[in-house]
Amino acid sequence: MLIGIPKEIKNHEYRVGLTPSGVKELVKHGHQVLIQQYAGDAVGFTAHHYIGAGAQIVDSAQEIYQRAEMIIKVKEPQASEIAQLRPGQILFTYLHLAADPEQTQGLLASECIAIAYETVTDARGGLPLLAPMSEVAGRMSIQAGAHCLEKTQGGSGILLSGVPGVAPANVIVLGGGVVGINAARMALGLGANVSLFDVSLARLKELDAQFGPQLTTLFSTTDAIEVALASADLVIGAVLIPGAAAPKLISRQMLKLMKPGSVLVDVAIDQGGCFETSHATTHESPTYVVDNVIHYCVANMPGGVARTATLALTNATLPFALAIANQGWQRALQNDPHLRNGLNICRGKLTYAAVARDLALDYTPSEQVIETMI
């Protein structure tokens, strides 16, 4: 298979879809890899590294989209990239369609085969291609929140850890998944008071056993969140419904309960955000203020630590990319139900139920689509 890796063009996105190590593995299996000039330079992978691994360097993204059978990316395709997709071309990347009707319509019109990292599953019920970036984003959320709390950034001037004689900050984490666990671990490590909310009692018991009395675990209700907001300095939005739009857990009205200069970090922003007042921001302009509360809603947080994030992501995606290249997308998805769960769009049909429901679009089961194409 001829595989193409374009340079990412989203604002301040420095990650790359394939490392030289990944190229070497694909070439070893008999595949060809095209990579756009400078695609990996920002994370330390130059043309020299890729050529040494067996890739061919091309000057433009246009050539990659024209020639490649499968496109491997990191972030969702931008409008100019969607316009270059061909019918039957495989796109393997993050999509987050439930919060992006324009992208969804563009991909449907392109008649490409769009496989989303964030909905691929595993035998344990996890999301193996989302988990690495959730780990990164969860840890970064505390770094970002701590920075936003600084007075020079418009925050309340609170140090997360406090100092002897001065109380630490109060951190609320909404969601006990991968993002929430990593956010809680970072905040606890810095010495903050941390409360984590979730709707699963089983999950809360697991976290209580893991962290002990250091972490306060609370069953998530609107009333419980409202009580906690009054004393919160930093709130991390870490909820996830796979493939679907995130639920809105904090309303505009609830912001009035919070202290001036407190901070919301919405890690769920790729899926539309879990605060009513959230809208996507960029690393270039990461924050805005609503009712004296700072909102940090960067839609590609892991791009800020691009080398770590690239290595973590590509470690997870490479086995699936190899399966698609070795078997062809139809056989690979037919043979692996977990990879099949990643299929979101296929030849003009929407194949992921949660996206169809959130966007009020027609839905065709992936199994049905694949059977017609084998």
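Look above for the structure.
Residues numbered from 1 in each chain as written. Predicted model: local features only at pLDDT ≥ 70, side-chain atom pairs only at ≥ 80, totals over all residues. Heavy atoms only, no water.

> Tell me about the packing of aromatic side chains, and please be specific about residues and values.
Applying the stated criterion across every chain yields a total of three aromatic pairs. Centre to centre, the rings of Phe 92 and Tyr 117 are 4.7 Å apart; their planes meet at 85°, and the pair counts as edge-to-face. Linking Phe 92 in strand 5 (residues 90-93) with Tyr 117 in the loop between strand 6 (113-116) and helix 6 (131-148), this pair joins segments that are 25 residues apart in sequence. Taken individually, Phe 92 and Tyr 117 each receive the classification buried, so the pair is uniform in this respect. Between Tyr 94 and Tyr 117, the aromatic rings sit 4.9 Å apart at their centres with planes inclined by 85°, giving edge-to-face as the arrangement. Taken together, the residues span a long stretch of sequence, with Tyr 94 in the loop between strand 5 and helix 5 (101-110) and Tyr 117 in the loop between strand 6 and helix 6 at a distance of 23 residues. The pair Tyr 94 / Tyr 117 is uniform in exposure class, with both members buried. Taken together, the ring pairs in this structure connect Phe 92, Tyr 94 and Tyr 117 into an aromatic cluster. (Phe/Tyr/Trp six-rings, centres within 6.5 Å; stacked < 30°, edge-to-face > 60°. Helix = DSSP H or I, 4+ residues; strand = E, 2+ residues; numbered from the N terminus. Buried < 20%, exposed > 50% of the residue type's maximum accessible area, 1.4 Å probe, protein only.)

> Hey, could you go over the layout of surface pockets for me, with residue numbers and the actual values?
Size it by volume and the second largest pocket reaches roughly 350 Å³. Listing elements by their share of the lining of the second largest pocket, those giving two or more residues are helix 4 (79-82) and helix 5. Split into classes, the residues belonging to the lining of the second largest pocket amount to eight nonpolar, six polar and five charged. (1 Å grid on protein atoms, 1.4 Å probe; cavity = no way out; pocket = protein on both sides within 12 Å on 5 of 7 lines; lining within 4 Å. Points joined across faces, edges and corners; volume = space filled by probe spheres on them. Nonpolar A, V, L, I, M, F, W, Y, C, P; charged D, E, K, R; others polar.)

> Run through helix 6, naming residues and quoting values.
For helix 6, spanning 18 residues, the distance from its first C-alpha to its last is 25 Å, which sits close to the expected 26 Å at 1.5 Å a residue. Looking at helix 6, one finds that the buried residues are Pro 132, Met 133, Ser 134, Val 136, Ala 137, Gly 138, Met 140, Ser 141, Ile 142, Ala 144, Gly 145 and Cys 148. (Expected span 1.5 Å × (residues − 1).)

> Please provide a residue-by-residue account of the pairing of strand 10 (residues 234-237), values included.
Across a regular strand the side chains alternate sides, sitting on one face of the sheet and then on the other. A two-sided burial pattern is seen for strand 10, the buried positions comprising Leu 234 and Ile 236 on one face and Val 235 and Gly 237 on the other. Note: strand 7 (residues 170-174) against strand 10, four bridges, orientation parallel. In the strand pairing of strand 10, Val 173 is matched with Ile 236. By the bridge criterion, four bridges tie strand 10 to strand 11 (residues 263-266) in an arrangement that is parallel. Bridge pairing links Leu 234 to Val 263 in strand 11. (Pairing = 2+ DSSP bridges.)

> Got a sec to walk through the pattern of salt bridges? Specific residues and values, please.
Within this structure, the stated rule accounts for 14 salt bridges. Where Glu 8 meets Lys 73, a salt bridge forms, and the shortest distance between an N and an O atom there is 2.8 Å. With Glu 8 in the loop between strand 1 (2-5) and helix 1 (20-28) and Lys 73 in the loop between strand 4 (70-72) and helix 4, this residue pair connects regions lying 65 residues apart in the sequence. For the pair Glu 8 and Lys 73, one class covers both residues: buried. In this structure, Asp 270 and Lys 75 form a salt bridge, with 3.4 Å as the shortest nitrogen-oxygen distance. Taken together, the residues Asp 270 in the loop between strand 11 and strand 12 (287-290) and Lys 75 in the loop between strand 4 and helix 4 connect sequence positions 195 residues apart. By sharing partners, the salt bridges in this structure join Lys 10, Lys 75, Glu 76 and Asp 270 into a single network. (Salt bridge = Lys/Arg side-chain N within 4 Å of Asp/Glu carboxyl O.)

> Please provide a residue-by-residue account of the nonpolar core, values included.
One finds Phe 92, Ile 115, Val 171, Val 194, Leu 234, Ile 236 and Ile 324 to be the most contacted residues of the largest nonpolar core, which totals 80 residues. At ten residues, the largest contribution of residues to this core is made by helix 10 (residues 306-327). In contact with Phe 92, not counting residues within four places along its chain, are Met 70, Ile 71, Ile 72, Lys 73, Ile 115, Tyr 117, Leu 129, Thr 317, Phe 320, Ala 321 and Ile 324. By size, the runner-up hydrophobic cluster in this structure holds 26 residues, among which are Leu 107, Ala 116, Ala 244 and Leu 350. (Core = buried A, V, L, I, M, F, W, Y, C linked by side-chain atoms within 4.5 Å. Contact = heavy atoms within 4.5 Å.)

> Any chance you could break down the sheet that holds strand 1 for me, citing the residues and the numbers?
Read across the open sheet, the eight strands follow the order 3-2-1-4-5-6-14-15; overall the sheet is mixed. At either end of the open sheet lies a strand with only one pairing partner, and these are strand 3 (56-58) and strand 15 (349-350).

> Describe the side chain of Thr 364, listing the residues and the values that go with them.
With respect to the element layout, Thr 364 can be found in the loop between helix 13 (353-359) and helix 14 (366-373). A residue is classified by how much of its surface remains accessible, and Thr 364, at 16% relative accessible area, is buried. Leaving out residues up to four positions away in the same chain, Thr 364 has contacts with Lys 349, Leu 350, Thr 351 and Val 369.

> Go over a nonpolar patch on the surface, please, and point to the residues and values.
On the surface, a nonpolar cluster with roughly 270 Å² of combined accessible area is contributed by Leu 159, Val 163 and Val 166. Inspection of the secondary structure puts Leu 159 in the loop between helix 6 and strand 7. Note on Leu 159: relative accessible area 52%, which makes it exposed. (Patch = residues over 30% accessible without salt bridge, like charges linked within 9 Å, V, L, I, M, F, W, Y side chains within 5 Å. Areas by Shrake-Rupley, 256 points an atom, 1.4 Å probe, with all protein chains shown as cover.)

> So what's going on with unusual backbone geometry? Residues and values would help.
Its identity is not glycine, yet Arg 347 carries a phi of approximately 50°, on the positive side. With respect to the helices, strands and loops of the structure, Arg 347 is situated in the loop between strand 14 (343-346) and strand 15. The backbone phi angle of Ala 360 is positive, close to 55°, even though this residue is not glycine. Residue position: Ala 360 is located in the loop between helix 13 and helix 14.

That is the geometry; function is a separate question.
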